[in-house]
Amino acid sequence: MRRTPHALLLLAFPVGLSAQEAQVHGRVTDQGGVGLALANVVVVNTSRGVACEPDGTYRINVPAGRPFTLRVSFTGLLPYSEEMTLGPGEDRELNVTLKPRTLGTVTIERQRDRDAGIIRLDPKVTRFIPTPQNGVEALLSGQIGVVMRNELSAGYSVRGGNYDENLVYVNDIEVYRPFLVRAGQQEGLSFPNPDLIEQIKFSAGGFEARYGDKMSSVLDITYKRPKEFGGSASLSLLGGSVHLESAMLKKRLRQVTGFRYRANGYLLNSLDTKGEYDPRFLDLQSYWTYDLSDKVELGFLGLYSTNRYDLVPQSRETELGNFNQALRFTVYYEGQEKTAFRTWSGALNLNWKKDPKTLLKFTFSAYRTQESEHFDILGQYYLDELDRDLGSDQFGEVVRNLGVGTSLDHARNDLDATVLTLAHRGFRQLKSSYLEWGADVKSEVIHDKLNEWTLIDSADYSIPQSHGEDLELNYALKSRLDLSSIRASGYLQNTWTWNTREDRSWSFNAGIRAQYWSYNGQTVTSPRLRLSYHPGWKKTRKNGEVVDRDYEFWFATGLYYQPPFYRELRKPDGTLNPDIQAQQSIHFVLGMDRLFSIWERPFKFTAEAYYKLMDHVIPYEVDNVRIRYYGTNNARAYSTGLDLKLNGEFIPGIESWVGMSFLSTMEDLKDDFYYKRYNAAGDLIQPGYTYDQVAVDSVLVKPGYIPRPTDQRVNFALFFQDEMPRWPTFKVHVNLVFGTGLPFGPPNNNRYSDTLRTSLYRRVDIGFSKQLLGAKGQEKQGFLRHIHNMWVTLEVFNLLNINNSVDYSWVQDVNGRYYAVPEFLTPRRLNVKLIAWF
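Keep in mind that this is a model prediction, so the values were computed, not measured. Along each chain, residues carry numbers from 1 onward, in the same order as the chain's sequence is written. For this predicted model, a pLDDT threshold of at least 70 governs which residues receive local features, and a threshold of 80 or more governs which side-chain atom pairs are given and counted, while totals over whole chains, interfaces and linings are taken from all residues. The basis for every side-chain value is the complete set of heavy atoms in the structure, and neither hydrogens nor water enter the calculation.

Caption draft 1: Seen up close, empty space enclosed by the protein. Points on a 1 Å grid, built from protein atoms alone, make a cavity when a 1.4 Å probe fits but cannot get out and make a pocket when they are open with protein on both sides within 12 Å along at least 5 of 7 lines; residues with an atom within 4 Å of a point are the lining residues. Grid points are joined across faces, edges and corners, and a volume is the space filled by probe spheres set on the points. One pass over the structure, following the stated rule, counts 9 cavities of 30 Å³ or more. If you add up the space inside the largest cavity, you get close to 330 Å³. Lining the largest cavity are 21 residues; nearest its centre among them are R127, N134, S234, S241 and R260. Helix numbers and strand numbers start at the N terminus; a helix is a DSSP run of H or I with at least 4 residues, a strand a run of E with at least 2. Those elements that provide at least two residues to the lining of the largest cavity are strand 18 (230-236), strand 19 (239-248) and strand 20 (253-262). Per-class residue counts for the lining of the largest cavity are 5 nonpolar, 11 polar and 5 charged. Of the pockets and cavities examined, the second largest cavity occupies roughly 190 Å³. Note that Gly is not counted as nonpolar here; it falls among the polar residues with everything else outside the nonpolar set of Ala, Val, Leu, Ile, Met, Phe, Trp, Tyr, Cys and Pro and the charged set of Asp, Glu, Lys and Arg.

As structure tokens, this is what we get:
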């Protein structure tokens, strides 16, 4: 039987049994209990065969009244065969666990379907990654092309793109994060709940036409369809969670429900800004599926979440500078901040197995968010220089004041957004290929009321200085915006696979998608191609044994458009740009991977080189985690780099990984320029530094290409798990991240000045886990018999207590000189976590 990519959707639904037929159903898993999507189930010496669905389940028609052999196989694992004889109309259950394939003394375990360029992640690992952000995003650190450098945020960038350029799907439904969020501590819980997830797939670029219109990456998440009762619960200093799953009505009705609560005030109290933090985040999700018949499945996914962040700041003290000039920035606050994000989401889907080779999906989803951001915060700040003489009695004390001032920040921002989507997806197994198509229509209604301003008073003078009786604010934005639009999109793609000889195979995917947006009347068309090759190389050892040298190579290219969403088309002055166009990016991706063994344990090495050429780019600046777009297509850009990753079992049965990325991403604003001004002495005038600031000459400068805000040249990430010798119930988990600096600049709207670099990002988190229940040979009594597994974990966040900066505030001294004051992330913190499965 020839298997093609995405054949997991060809779940065999019975189409009516004759008197001479029977059925076999069950689930195919690996030794870890993970369902094997695309595992082949065939009746030997016949044309009958099916491929397992995402959770590994299958159903197949078999002959009745005579013996036959059922064979189950999966790439890289030992096949399983069983001879059976079933009576007419009989329906027998057969669950199969496939074992690793052994080649001589080398064991190679490959649990994947060789989707070239697709990374599969295990959601169970999130329970043990020692990071403050316990969502599925923690799994992305160290993956191909991913950069994460804020432990308070679920945001991530991929190959030079910002977070808004990433697609995130849950059960084929695109999900969003809050619009008004401006700092990581406000974000709360991200949409995907790790306890409910069956599988996670990730692509860093060059993805297929079936995925939507974004320029960077795809995170594709599928929730569970449980087959039996189970659940889990966790509790830590940062919150807790509980989930239940079950199958009812002879397993025709299935549900998985999860509740999460997070209160990370304990973590935020360690920040430089001291005050009364009251963050409370919770969400409730439930996913139900019901088999209306053997051919039709009805599903519902519902979510309610509320994220509240209240803060009454009191003071802040930050030390900065270097040995030549040590500074202290001190602020005393009055006022408060109240931020709230409430989200409702629901999706109803119908899956119809029209015939054994055709699957049709219909989905209606609704997303509603209500967001408010209200604050009035008065800050009186002092910038002081410290004594740097090691022999002085006043070492580290203030020796002189460089600046004093007051800032008043005000905001009354409210946003209400509703997105309704009607979608259809289809899948058809052809004679020698696999056809997919889809179409959707979206209605987007957004109401946004903005009212925010900043007043700065430095040395009793308002900045900028006012003229006449009017008080001129340093920053002001006030608008009321209403946007109602329709988006329509569709795609068509086909995948061909063929073998040129035994163990040598090719796969070619070609597709095209298009989207129309009513707001600007633009239609974009996106062709995409992917070619992969498995050479089937083998190696003959000295003893004559032949073993596989398991390589895969692929090349992907395509034109990727990103039509703007609400934030991209809003200009800095608060107006909408009706002439905005879709950003576009051409991807060229060349990749390979190899499966091999070290110390008789399975490993995988992956490498991808890429180049992305972008046009009609909308420039932006990053303020903490808030992205401020310019609202015009006035730039072109490129991203190029190399991503490397090694993952495997350094310790038997425990996966670890290490990744390294090299990146260069630059952009050129087509209409930017500035003048260099010189005084009579021929000196370049630099405000706050040059004595004579009277210009007598100037030179026009066109900056050309400058680094994009995400231009982190080197990123290194490591997640390593170990266990104590002779005590396998004790484990250690280490998460390490290193990144070079990001570009930033002074507080203005001139992108060409954002060429300074932040400090290096360096962070080590470590966790120590002890298994309390569930160890091999352990006896349980009473209610503990119902607990399958229980762990307690001690986590140390930021083990080395390094100050990492997420942003910079700018302060002006009495001479007009500006200083960049870093906004530091969290220092070292301890956390205790208890996890139980039942």
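Caption draft 2: Seen up close, a nonpolar patch on the surface. Patch membership needs two things, relative accessible area over 30% and no salt bridge, and members are linked within 9 Å if like-charged or within 5 Å if nonpolar (Val, Leu, Ile, Met, Phe, Trp, Tyr). Each accessible area value is a Shrake-Rupley result obtained with a 1.4 Å probe; residue values ignore everything except the protein chains displayed when judging cover. Salt-bridge detection follows one rule: a side-chain nitrogen of Lys or Arg within 4 Å of a carboxyl oxygen of Asp or Glu. Together, L249, W288, Y290, L292, L298, F300, L348, L350, W352 and F362 make up a nonpolar patch on the protein surface, roughly 870 Å² of accessible area in all. Elements that contribute at least two residues to the nonpolar patch include exactly strand 21 (273-291), strand 22 (296-321) and strand 23 (326-355). Here the nonpolar patch gets 3 residues from one element, more than from any other, and that element is strand 23. Looking at the secondary structure, you find Y290 in strand 21. On the basis of relative accessible area, Y290 is assigned to the partly exposed category, the value being 31%. When a residue's accessible area, from a 1.4 Å probe over protein chains only, is under 20% of the maximum for its type it is buried; when over 50% it is exposed; and in between it is partly exposed.

Caption draft 3: Region of interest: the sheet that holds strand 17 (residues 217-223). Taken in spatial order, the 5 strands make up an open sheet running 11-16-17-14-15, and their pairing is mixed. Here the strands that pair on one side only, and so sit at the sheet edges, are strand 11 (119-121) and strand 15 (173-174). Here strand 14 (residues 166-170) pairs with strand 15 via 2 bridges, running antiparallel. The residue bridging Y169 from the neighbouring strand is E174, located in strand 15. Pairing between two strands is assigned when DSSP locates at least 2 bridges connecting them.

Caption draft 4: Structural context of the packing of aromatic side chains. Side-chain rings of Phe, Tyr and Trp (the six-membered ring for Trp) are treated as a pair once their centres are within 6.5 Å; stacked means planes under 30 degrees apart, edge-to-face means over 60, and tilted covers the remaining angles. What the rule picks out here adds up to 30 aromatic pairs. Note on Y156 and Y163: the rings are 5.3 Å apart at their centroids and 90 degrees apart in plane angle, and the pair reads as edge-to-face. Across the pair, exposure class does not vary: Y156 and Y163 are buried alike. Between Y551 and F553, the ring centres sit 6.0 Å apart and the planes meet at 0 degrees, which makes this aromatic pair stacked. Taking the relative accessible area as the measure of exposure, Y551 reaches 13% and is therefore buried. Owing to a relative accessible area of 28%, F553 belongs among the partly exposed residues under this scheme. An aromatic cluster of three or more residues is present, and its members are Y169, F207, Y211 and Y560. Any Lys NZ or Arg CZ that is within 6 Å of a ring centre and within 35 degrees of that ring's normal is treated as a charge sitting over the ring. The positively charged end of R829 is found above the aromatic ring belonging to Y266, 4.7 Å away from the centroid.

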